[in-house]
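Structure at a glance
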Amino acid sequence: MSALPPPAHPLAVTADLTLLDDLVRLATAGGVALDVANDVGSSRRAWTSAPLVLVGADLVADLARAAPPRRRDLLIVSHDINERGLWEGAVALGAEHVLSLPDAERWLVSRLADTVDGATRESATVCVLGGRGGAGASTLATALAVTAIRLGRISYLIDGDPLGGGIDLVLGGEDSAGMRWPDLVATEGRVSSGALRSALPLVEGLVVLSWDRGDLLTIPRPAMRTVLSAARRGGDLVVVDLPRHTTEAAEEALSQCTTALLVVPAEVRAVAAASRVARTLTTVAPDVRLVVRGPAPSGLDGRTVAATLDLPLAGEIAAEPRLDLMLERGQAPARHGKGPLAAFCRSLLTDLGVLPADRSGTAA
């Protein structure tokens with residue numbers, strides 16, 4: 001078996017040593033190695049394979065005359081963006097941006113670091129909240145992440161509820177090695193997805209961020225922003241279990257999510273309690289959907305609850321025998337792919353594009 005080829009690095013095309021020094025410094029800050037071509041001819045080898053190409057202003061005109069193949073992820077970099085002919089050359093090359101240093105340094109570091117993650121798209125991000133205490137939000141959040149892992153997707157499960165008891169207990173992973181929230185509260189700025197993944201506990205293939213048993217009760221907004229940003233670049237699905245009460249961290253997660261799920265038992269008092277949570281959610285999250293959990297002692301159905309709360313219905317989950325016993329034993333919900341909870345998770349993840357649909361419209 002032949003060895004795998006080495007990973008492609010971003011390519012800097014410039015003969016300007018001052019500019020090159022800056023680009024190497026910024027690449028180092030982003031945690032990436034940089035390939036360098038100091039003329040048009042030597043740029044051809046990696047022109048199409050590099051994940052990102054940075055062209056110095058000094059070689060823009062020469063490259064435009066050479067007319068290399070059009071490509072995405074091409075940036076022009078200069079210390080003087082008013083340099084003669086720069087913009088015309090950028091248009092001829094089909095450049096995405098013309099960047100001025102040092103003004104664009106922070107943005108460029110982030111863009112360079114993205115090439116390490118190999119991320120051109122971000123994962124689906126689902127926030128799950130209960131309409132009342134004990135609604136089953138943590139169970140659903142865990143089941144969604146477990147279903148994605150079982151079907152071959154990279155998934156993160158993030159516990160955003162400091163009073164929830166620790167979502168690692170739902171998985172039976174409380175003894176798994178790795179960082180918890182108290183280790184990350186001072187984190188802000190940009191963290192690579194690889195660094196985050198390697199730092200967190202891995203429970204049966206699922207990356208989990210939960211709590212220790214200490215006294216920390218809050219997550220700073222910057223820490224939640226940093227963790228979510230890294231997780232979204234590094235997987236197919238990020239699931240965040242959130243508290244019913246409003247916190248800065250919860251608002252941050254909701255503002256970043258793809259979809260927010262409000263879990264409401266099919267009970268009259270639960271629906272009344274959920275109405276206040278629903279009003280808060282719809283002011284922050286871009287897409288809020290309702291999940292109604294059985295049993296329904298009075299026959300209350302999902303459509304009635306959805307109409308009462310004025311939310312679209314993502315689905316109803318029937319009561320599942322022995323689920324409480326499984327959770328008490330630390331056996332992850334939906335781990336075997338059977339039962340109403342697992343079926344709902346497959347359907348929702350297909351709807352969100354995390355899982356493909358087969359020709360019958362069901363999760364493949």
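Residues numbered from 1 in each chain as written. Predicted model: local features only at pLDDT ≥ 70, side-chain atom pairs only at ≥ 80, totals over all residues. Heavy atoms only, no water.

Let us now look at the packing of aromatic side chains. Per the counting criterion, the structure on display carries one aromatic pair. Ring geometry for Trp-181 versus Trp-211: centroids 6.3 Å apart, planes at 40°, classification tilted. Highlighted residues: Trp-181 in helix α8 (residues 181–184) and Trp-211 in the loop between β9 (206–209) and α10 (221–233), separated in sequence by 30 residues. (Phe/Tyr/Trp six-rings, centres within 6.5 Å; stacked < 30°, edge-to-face > 60°. Helix = DSSP H or I, 4+ residues; strand = E, 2+ residues; numbered from the N terminus.)

A few words on the nonpolar core. Ranked by internal contacts, the top residues of the largest apolar core, which has 45 residues, are Ile-158, Trp-181, Leu-262 and Val-264. Setting aside its immediate chain neighbours within four residues, Leu-262 contacts Leu-129, Gly-130, Gly-131, Ala-274, Val-277, Ala-278, Leu-281, Arg-289, Leu-290, Val-291 and Leu-311. (Core = buried A, V, L, I, M, F, W, Y, C linked by side-chain atoms within 4.5 Å. Buried < 20%, exposed > 50% of the residue type's maximum accessible area, 1.4 Å probe, protein only. Contact = heavy atoms within 4.5 Å.)

Attention now moves to the pattern of salt bridges. With the rule as written, the count across this model stands at 13 salt bridges. Across the pair Asp-168 and Arg-180 runs a salt bridge, and its minimum N-O distance is 3.6 Å. Of this pair, Asp-168 sits in helix α7 (residues 168–171) while Arg-180 sits in the loop between α7 and α8, and the two are 12 residues apart along the sequence. The exposure classification of Asp-168 matches that of Arg-180, with both residues buried. (Salt bridge = Lys/Arg side-chain N within 4 Å of Asp/Glu carboxyl O.)

For any two helices packed against each other, the geometry is given by the interaxial angle and the distance between the axes. The interhelical angle for the contact between α10 and helix α11 (residues 248–256), taken along N-to-C directions, is 30°, at an axis separation of 8 Å. Here α10 lies roughly parallel to α11, going by the angle between them. Classified by chirality, the crossing of α11 by α10 is right-handed. Only Glu-248, Ala-249, Glu-251, Glu-252, Ala-253 and Gln-256 of α11 make contact with α10, whose side of the interface consists of Arg-221, Met-224, Arg-225, Leu-228, Ser-229 and Arg-232. Considered class by class, the residues forming the contact of α10 with α11 number four nonpolar, two polar and six charged. (Axes fitted to C-alpha atoms, helices over the stretch in contact; angles between N-to-C directions. Parallel < 35°, antiparallel > 145°, perpendicular 65-115°, else oblique. Left-handed = near helix turned anticlockwise from the far one by under 90°. Nonpolar A, V, L, I, M, F, W, Y, C, P; charged D, E, K, R; others polar.)

Everything listed here is a matter of geometry and, on its own, says nothing about what the molecule does.
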